[in-house]
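What follows is each chain in one-letter form.
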Amino acid sequence: MKKFINVLLSFILLPHLLMAGIGDVEMREVYARECLIKSTLREDRKEKIIAALVKGDISHLSENVSENNRLRKVVADEFEKGNLVELIPSIWSFDLSSLYYKTVPLFILQFTNLTELNLSHNGIETLPKEFAASFPALTSVNLSDNNLKEFPHILVEAESLVSADLSDNLIS
């Protein structure tokens, strides 16, 4: 009976509750599990991703650096494909470093509750004009080790921003 209720929650009620911002931890876990059910990842890796999604912190999924990068890429790809979207309001920290992005991935602009965003070690040359408006709660952004050629003036419009790491770019 509990399994039936969980399935009912995940497919009928959960998306609406999460979008309304009232989803609890157990409901987010059920939803994440259902979204990843067809994934070919090993079970231990799925569990790491689910735990991170429930916590709202997509940054440190494994002690092993290369596994951490792979798992963060899986999560980013799932969001980019339109999966897991009901969890967007609960994500407050997202690490997209070292994932070889040449531009800021557009899917990330939906994460309006982010307070921390790491886009370091990619190949990003500019920020989209919607960047500041997309993240009203953003307090910290790491854009180090990219290909920014000039200071991204759009950051000045980010009212909550306290820290922006722009080191090791091409800014003169």
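Here's a quick rundown of the structure. (Residues numbered from 1 in each chain as written. Predicted model: local features only at pLDDT ≥ 70, side-chain atom pairs only at ≥ 80, totals over all residues. Heavy atoms only, no water.)

Looking now at the sheet that holds strand β1 (residues 57-58). Sheet strands associate in pairs through backbone hydrogen bonding, adopting either a parallel or an antiparallel arrangement. Pairing is parallel in the open sheet, where 5 strands are placed in the order β1-β2-β3-β4-β5. One side of each edge strand has no neighbouring strand; the edge strands of this open sheet are β1 and β5 (163-165). Relative to strand β4 (residues 140-142), strand β3 (residues 116-118) runs parallel, the two being bridged by 3 bridges. By the bridge assignment, Asn118 is partnered in β4 with Asn142. Against the sheet, helix α4 (residues 65-80) engages β1 and β2 (93-95), with an angle of about 110° to β2. (Pairing = 2+ DSSP bridges. Helix = DSSP H or I, 4+ residues; strand = E, 2+ residues; numbered from the N terminus. Contact = heavy atoms within 4.5 Å. Axes fitted to C-alpha atoms, helices over the stretch in contact; angles between N-to-C directions.)

Moving on to α4. Taking 1.5 Å per residue, 16 residues should reach 22 Å; α4 reaches 22 Å between its end C-alpha atoms and fits that length. Among the residues of α4, Glu67, Asn68, Leu71, Arg72, Val75, Ala76, Glu78 and Phe79 are the ones counted as buried. Directly after α4, the chain includes Gly82, whose backbone phi takes a positive value near 95°. (Expected span 1.5 Å × (residues − 1). Buried < 20%, exposed > 50% of the residue type's maximum accessible area, 1.4 Å probe, protein only.)

Another aspect to go through is the packing of helix α3 (residues 43-55) against α4. Their axes nearest at 11 Å, the elements α3 and α4 cross at an angle of 65°. You can see that α3 and α4 cross each other, and the crossing is right-handed. Note on element contacts: α4 touches α3 through Glu67, Arg70, Leu71, Val74, Val75 and Phe79, opposite Arg45, Lys48, Ile49 and Leu53. Tallied by class, the residues present in the contact of α3 with α4 amount to 6 nonpolar, no polar and 4 charged. (Left-handed = near helix turned anticlockwise from the far one by under 90°. Nonpolar A, V, L, I, M, F, W, Y, C, P; charged D, E, K, R; others polar.)

Using the criterion set out here, one finds 6 aromatic pairs in the structure. For the pair Phe107 and Phe111, a centre-to-centre distance of 6.2 Å together with 75° between the ring planes defines the contact as edge-to-face. Judged on exposure class, the residue Phe107 and its partner Phe111 are both buried. Centroid distance Phe131 to Phe135: 5.1 Å. Interplanar angle 70°. Geometry classified as edge-to-face. An aromatic cluster of at least three residues, connected via ring pairs, comprises Phe79, Phe94, Phe107 and Phe111. (Phe/Tyr/Trp six-rings, centres within 6.5 Å; stacked < 30°, edge-to-face > 60°.)

Our focus in this paragraph is the nonpolar core. Leu53, Phe94, Ile108 and Leu117 are the most contacted members of the largest nonpolar core, which totals 45 residues. Listed by contribution, the elements that provide at least two residues to this core are α2 (25-35), α3, α4 and α5 (131-134). If you tally residues by element for this core, the top one is α3, at 5 residues. Apart from residues lying up to four places away in sequence, Leu53 is in contact with Ala32, Leu36, Ile58, Val75, Phe79, Leu84, Leu87, Ser90 and Ile91. (Core = buried A, V, L, I, M, F, W, Y, C linked by side-chain atoms within 4.5 Å.)

Next up on the list: the pattern of salt bridges. Applying the stated rule across the entire model yields 9 salt bridges. Residue Asp95 pairs with Arg72 through a salt bridge whose shortest N-O separation is 3.3 Å. With Asp95 in strand β2 and Arg72 in helix α4, the pair connects residues that are 23 residues apart, well separated along the chain. There is no split in this pair, since Asp95 and Arg72 are both buried. Notably, a salt bridge pairs Lys81 with Glu78, separated by 3.3 Å at the nearest N-O pair. Residue class for Lys81 comes out exposed when judged on its relative accessible area of 57%. (Salt bridge = Lys/Arg side-chain N within 4 Å of Asp/Glu carboxyl O.)

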